[in-house]
Amino acid sequence: MRVIIVGGNAGGASAAARLRRLDEKAEIVVYERGQYISFANCGLPYHIGGVIEDRNQLFVQTPAAMKERFNIDFLTGREVTAIDRTAHTVTIRDVATDNETTDHYDKLILSPGGSPLRPPIPGIDSAGIYSLWTVPDMDDIVRAVRAGARKAVVVGGGFIGVEVAENLREQKLDVALVEMLPQALAFLDPDMAAYAHQEMEIHGVDLHLGDGVKAFAKNADGTLTVTLSSGKQLAADLVILAIGVRPNTRIAEQAGLAIGPARGVLVDDHLRTSDPDIYAIGDAIEVEHFVTKSKALIPLAGPANRQARIAANNVVGHDDVYKGTQGTSIVKVFDLAAGATGANSALLTKLGIPFRTVTIHPGSHAGYYPGSTPVHIKLLYSPEGKLLGAQAAGYDGVDKRIDVLATAMRLGATVDDLTDLELVYAPPYGSAKDPVNMAGFVAQNDLEGLAPLVRPEQLADELAKGATLLDVREPEETSCGIIPGALTIPLSVLRNRLEELPVGNKVILTYCKVGLRGYVAQRILSQNGFDVANLSGGYTSWEAMTTQGIEEQPVRPEREADDQQVNVSGPCPTAVASIASPSAAAAKTVEIDACGLQCPGPLLKLREALASTAPGDLIKVTASDPGFYADVAAFAQGQGLEVLDRQRGKVITATLRRPLQATTSAVVSTVPGRADDHATVIVFSNDLDKVIAAFIIANGAQAMGKKVSMFFTFWGLNVLRKDESVRIKKTFIEKMFGMMMPRGVNHLILSKMHMMGMGTGMILGLMKKYNVAPIEAMMRSFQEGGGTFIACTMSMSLMGIHREEMIDGISEGGVATMLADADQGHINYFI
Ligand code: FAD
């Protein structure tokens, strides 16, 4: 038997090797149009980033090795251009010479993969625009980077785009990532993709979501300008296109083989095409989705390799069935991993398949063992409990949870089955109730009606129907942000404060940080006669859904440049012994693990630790709240501590030292500069009169040589809003809030005597008459004079005001940032 295989990479090479193992006598010839066979395309982005240093590591096999080991002819530089099904021959073009030959087959296996999409965007063929699909593509990109490219634009936020963005950042390029959809990594639900957005922002990737590329233009100096649909323009030395892939079906189509509705080669469950002597596998075929049974293109290496084995088995006469593709996949996003298996919400919704979801945020291992970080897990299941999909994101343990869930799903598991799984446990690795068990418990409670759930995206509807939202977290947590409109009663005192809750038919929606205390509160309230649902995934999921992760402490490259302590991608230090302390002999190091705590939890822990230190002592703190990165610096400044080290990676670590000058155990403020050099204005109000006063004072203080910061909180945030409406995804409540509040300084009204606009108009007229500069001009001159506008991040969450809605040139900060500023001056105004 003579078997010809088209394509010598993932599927083709695997099929060839399997065939040989099954049939020592078969003649096996593989035609590969490129120069390389069996190369690790999944590794290409990591050679660009220098993580896989040695390029040769990417070549898993060579034609010579395949000949020697398997007696298989791998002929490179040969493209199969046609199939004659009647004659059982293929036409082969020698890529170097263009000569054509034919070859006879008894059985043919097509594994030609796919090709990257290059839509007809103006300027797309300009030099400097690359795809990443083959080794030569990778070599071109590496050359461009080595030639000194500084700015890259990656178009497409799928897993290849995200991997390339990360690896170009590894090479210290400024990277913008443009994605037409409102989210990157479309295999995830938006609330899960939010964690990836946040991770990319933290590592300096400039995200442009919900914006497509309109045109590329080559400039005279060789650089490129990328114009987006929104009108934004991005400068680039190189552009990577990663907008998707289409299956290579040309020769199959021309040979009259059936093509499926998703435009891939159609195969049966034995991976046979419409011609019984021709099999097809890999990215070129459409597969049956394991969960939905719909036809789909799922270009992944695992399925291609498994299909190769099955096709080879069937070629030699076995009866082997391919049971569909689940789409189990994972991607590294800097320090974060994001993975999924089965169907996501978009697919289930599109196909009209009913489903329910739960989201949980347990620790990756026992919380009392160091280094535990949250694993965000989302389960999708049918109303009968059958597992339909699972997604996870986090810094640790994501791969094993997705693999367990993928296996369970493959074996037809229900959420009940997840509660029965016996999984490994020792403190460094997991918990006695593993996150997978926990997800099962929560879903089981949901289905049994013991603890009904409301998903974050349903919250606005439930509130519109009159539900009461109840936040049961502790005050330290709620002070960092609550869902607008929520009552706050900590779980610890809930039993004693039941009379504060509405009675009657009103539904109460409980929530906490991740869902667990919300569930406990729900049980207390249900057993006291209330009708209660718990918010799935708690505040964490709500925040992920509403912000898509991109508003949380975004740190853009330009901000980093001003920040002296930044090391955006370095690993977290584990020891501080090497940091020289002036009093090394006597100094001690206090270590604080504040992972899992939200603002102000880590700050409170720091304060506690500070009380037990003496001058010269070190405090090493680790926290997982992204906002802590800015807050720890502000805290240190306010407390007169030296920041020896501050790093952001999987978690945030900082090492602070109490200066030796301090002689008592009391905390000493040693702020550089003269204290009376500074003034702080806290703008709480959005009343026109008060805001005018605020700017007059701020500009006046600046004129007197002071360094002034203006901290905008609560209603005051409206002063920083842009005049025009900004298209941004918001929840119902956020939209309502947004509509009811003034949009920027031109919409402010007087606190008194507004008189349907007459009073406000008169004041503005008088300002003009008496030459008082308009507020906008005062704001401009304040900024030009070196003043800083700080938007309170906690108020932003509370009021549902997003970063994009605010004017340029402001920074975001928490209470520690404001207090640090306030500490530097004798003058602090609250307006
Ligand atoms: P390919 O591996 O693409 O092989 C097809 C081969 O056929 C090519 O070598 C091509 O030159 C050759 N060919 C095409 N037409 C002809 C012709 N007419 N004649 C002769 N030869 C022809 N998947 C994952 O699961 N995880 C990952 O992390 C991952 N990362 C990736 C990163 C990158 C940068 C890329 C490009 C892909 C990644 N993939 C990943 C996808 C994975 O590589 C593919 O799903 C897999 O390689 C598909 O195997 P295949 O055999 O169908 O196609």
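The shown structure was predicted, so the numbers you read here are calculated from the model rather than taken from an experiment. (Residues numbered from 1 in each chain as written. Predicted model: local features only at pLDDT ≥ 70, side-chain atom pairs only at ≥ 80, totals over all residues. Heavy atoms only, no water.)

**Regarding the overall build of the protein chain**
Along its length, the protein chain carries 26 helices and 39 strands. The C-alpha atoms of the protein chain give a radius of gyration of 30 Å, which matches the 28 Å a tight globule of 831 residues would have. Summarising its shape, the C-alpha atoms of the protein chain cover approximately 95 × 70 × 70 Å along the three principal directions. Within the protein chain, counting contacts between residues at least 6 apart in sequence, those at least 24 apart form 67% of the total. Distance from the positive charge centre (77 side chains) to the negative charge centre (94 side chains) of the protein chain: 2 Å. (Helix = DSSP H or I, 4+ residues; strand = E, 2+ residues; numbered from the N terminus. Rg over C-alpha atoms; globule rule 2.2 N^0.38 Å. Contact = heavy atoms within 4.5 Å. Lys, Arg positive; Asp, Glu negative; His and termini not counted. Charge placed at Lys NZ, Arg CZ, Asp CG, Glu CD.)

**Concerning the packing of aromatic side chains**
Under the counting rule described, the total for this entry stands at nine aromatic pairs. On the basis of an interplanar angle of 20° and a centroid distance of 6.4 Å, the ring pair of Tyr511 and Tyr539 is categorised as stacked. Of the two residues, Tyr511 is situated in strand β29 (residues 507-511) and Tyr539 in helix α17 (residues 538-547); the sequence distance between them amounts to 28 residues. Taken individually, Tyr511 and Tyr539 each receive the classification buried, so the pair is uniform in this respect. Members of the aromatic cluster, each reached through a chain of ring pairs, are Phe695, Phe712, Phe782 and Phe789. For Arg410, the ring lying beneath its charged end belongs to Phe290, and the centroid distance is 4.2 Å. The ring of Tyr539 has Arg473 lying over it, and the distance from NZ or CZ to the ring centre is 4.4 Å. (Phe/Tyr/Trp six-rings, centres within 6.5 Å; stacked < 30°, edge-to-face > 60°. Buried < 20%, exposed > 50% of the residue type's maximum accessible area, 1.4 Å probe, protein only. Lys NZ or Arg CZ within 6 Å of the ring centre and 35° of its normal.)

**Considering the confidence of the model for the protein chain**
Looking at the protein chain as a whole, its pLDDT mean stands at 87, while 90% of the residues score no less than 70. Low pLDDT (under 50) marks residues 549-584, which in the prediction has 85 contacts with non-local residues, meaning those over four places away or in another chain. This stretch, residues 662-675, has a pLDDT under 50; its non-local contacts, to residues over four places away or in other chains, come to 24 contacts. (pLDDT = per-residue confidence, 0-100.)

**Description of empty space enclosed by the protein**
Evaluated as defined, the whole model comprises two cavities of 30 Å³ or more. Within this model, the largest cavity holds a volume of roughly 50 Å³. Lining the largest cavity are Pro456, Leu459, Ala460, Leu463, Ile483, Pro484, Trp542, Met545, Thr731 and Ile733. For the lining of the largest cavity, the leading source of residues is helix α13 (residues 459-464), giving three residues. Partitioned by chemical class, the residues of the lining of the largest cavity number nine nonpolar, one polar and no charged. There is about 40 Å³ of room inside the second largest cavity. Forming the boundary of the second largest cavity are Gly282, Asp283, Val287, Ile298, Leu300, Pro303, Ala304, Gln307 and Thr325. (1 Å grid on protein atoms, 1.4 Å probe; cavity = no way out; pocket = protein on both sides within 12 Å on 5 of 7 lines; lining within 4 Å. Points joined across faces, edges and corners; volume = space filled by probe spheres on them. Nonpolar A, V, L, I, M, F, W, Y, C, P; charged D, E, K, R; others polar.)

**Digging into the site of the ligand**
Around the ligand sit 27 residues, and of these Asn9, Gly11, Glu32, Asp283 and Ala301 come closest. At 3.1 Å, a side-chain N or O of Asn41 approaches an oxygen atom of the ligand. Of all the secondary structure elements, the ones that give two or more residues to the shell around the ligand are α1 (10-22), β2 (27-32), β4 (78-84), α5 (159-170) and α8 (301-315). It is β4 that contributes the most residues to the shell around the ligand, three residues altogether. (Near = heavy atom within 4 Å. Polar contact = N/O pair within 3.5 Å; in protein donor to acceptor, adjacent residues only side chain to side chain.)

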